[in-house]
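# Reading the structure
Letter by letter, the chains look like this.
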Amino acid sequence: MKKTLLAALLLGAAAAPAMANMQLAQKYSCTACHTVDKKLVGPAYKDVAKKYAGDKGAEAKLIAKVKNGGSGVWGPIPMTPHPNIPDADLKALVKWVLSQK
């Protein structure tokens with residue numbers, strides 16, 4: 001019984017950060033243009049993570065891209081700027097996107 005409870009707690013703790021960041025993506029309407037695994041208006045989060053894998057400056061680049069907007073990297077549709085997302089939430093979102101496999 002104790003082992004089952006401990007396993008459930010550990011699994012819940014491991015899943016909590018991933019869910020929390022999906023909730024942030026929904027809160028800030030990121031999911032209106034992006035999904036985890038397929039292109040919508042913008043690229044899938046998994047494609048973003050793949051593109052920036054191994055890029056040590058990726059987190060800073062993507063934080064700036066989300067905050068200021070941009071275009072041309074993924075096609076002709078521009079990403080609108082999101083200057084009102086708090087920095088802590090923005091950093092958490094970008095880290096989560098980069099962690100997608």
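Note that the structure is predicted; figures quoted are calculated from it, not measured. (Residues numbered from 1 in each chain as written. Predicted model: local features only at pLDDT ≥ 70, side-chain atom pairs only at ≥ 80, totals over all residues. Heavy atoms only, no water.)

## Observations regarding the nonpolar core
If you look at the biggest cluster of nonpolar residues, it comprises 17 residues, and the most contacted ones within it are Ala25, Tyr28, Cys30, Tyr45, Leu93 and Trp96. Looking at this core element by element, the count peaks at 5 residues for helix 4 (residues 87–98). (Core = buried A, V, L, I, M, F, W, Y, C linked by side-chain atoms within 4.5 Å. Buried < 20%, exposed > 50% of the residue type's maximum accessible area, 1.4 Å probe, protein only. Helix = DSSP H or I, 4+ residues; strand = E, 2+ residues; numbered from the N terminus.)

## Let's talk about the UniProt feature "binding site: heme c" (unreviewed entry) in the protein chain
Taking the numbering used here, the UniProt-annotated feature "binding site: heme c" (unreviewed entry) corresponds to Cys30, His34 and Met79. Spanning 50 residues, the named residues form one tight spatial group whose C-alpha atoms are at most 10.7 Å apart. None of the other annotated residues line the largest pocket; only Cys30, His34 and Met79 do. You can see cysteine 30 is positioned in the loop between helix 1 (2–27) and helix 2 (45–52). For cysteine 30, a relative accessible area of 17% gives the class buried. With sequence-adjacent residues up to four places away left out, cysteine 30 is seen in contact with Ala25, Tyr45 and Leu93. (UniProt positions renumbered as here; feature names shortened; annotations may be inferred. 1 Å grid on protein atoms, 1.4 Å probe; cavity = no way out; pocket = protein on both sides within 12 Å on 5 of 7 lines; lining within 4 Å. Contact = heavy atoms within 4.5 Å.)

## With respect to the packing of helix 3 (residues 58–68) against helix 4
At their nearest, the axes of helix 3 and helix 4 sit 9 Å apart, and the two run at 120 degrees to each other. For the element pair helix 3 / helix 4, the angle class is oblique. For helix 3 against helix 4, the interelement crossing comes out right-handed. On helix 4, the residues that touch Ala58, Glu59, Leu62, Ile63, Val66 and Lys67 of helix 3 are Asp87, Leu90, Lys91, Val94, Lys95 and Leu98. Of the residues contributing to the contact of helix 3 with helix 4, the split by class is 7 nonpolar, no polar and 5 charged. (Axes fitted to C-alpha atoms, helices over the stretch in contact; angles between N-to-C directions. Parallel < 35°, antiparallel > 145°, perpendicular 65-115°, else oblique. Left-handed = near helix turned anticlockwise from the far one by under 90°. Nonpolar A, V, L, I, M, F, W, Y, C, P; charged D, E, K, R; others polar.)

## Examining the state of the cysteines
According to the stated counting rule, one finds 0 disulfides in the structure shown. The thiol sulfur of cysteine 30 is not disulfide-bonded, and the nearest other cysteine sulfur, from cysteine 33, lies at 8.8 Å. Overall, the relative accessible area of 31% leaves cysteine 33 in the partly exposed class. (Disulfide = S-S within 2.5 Å.)

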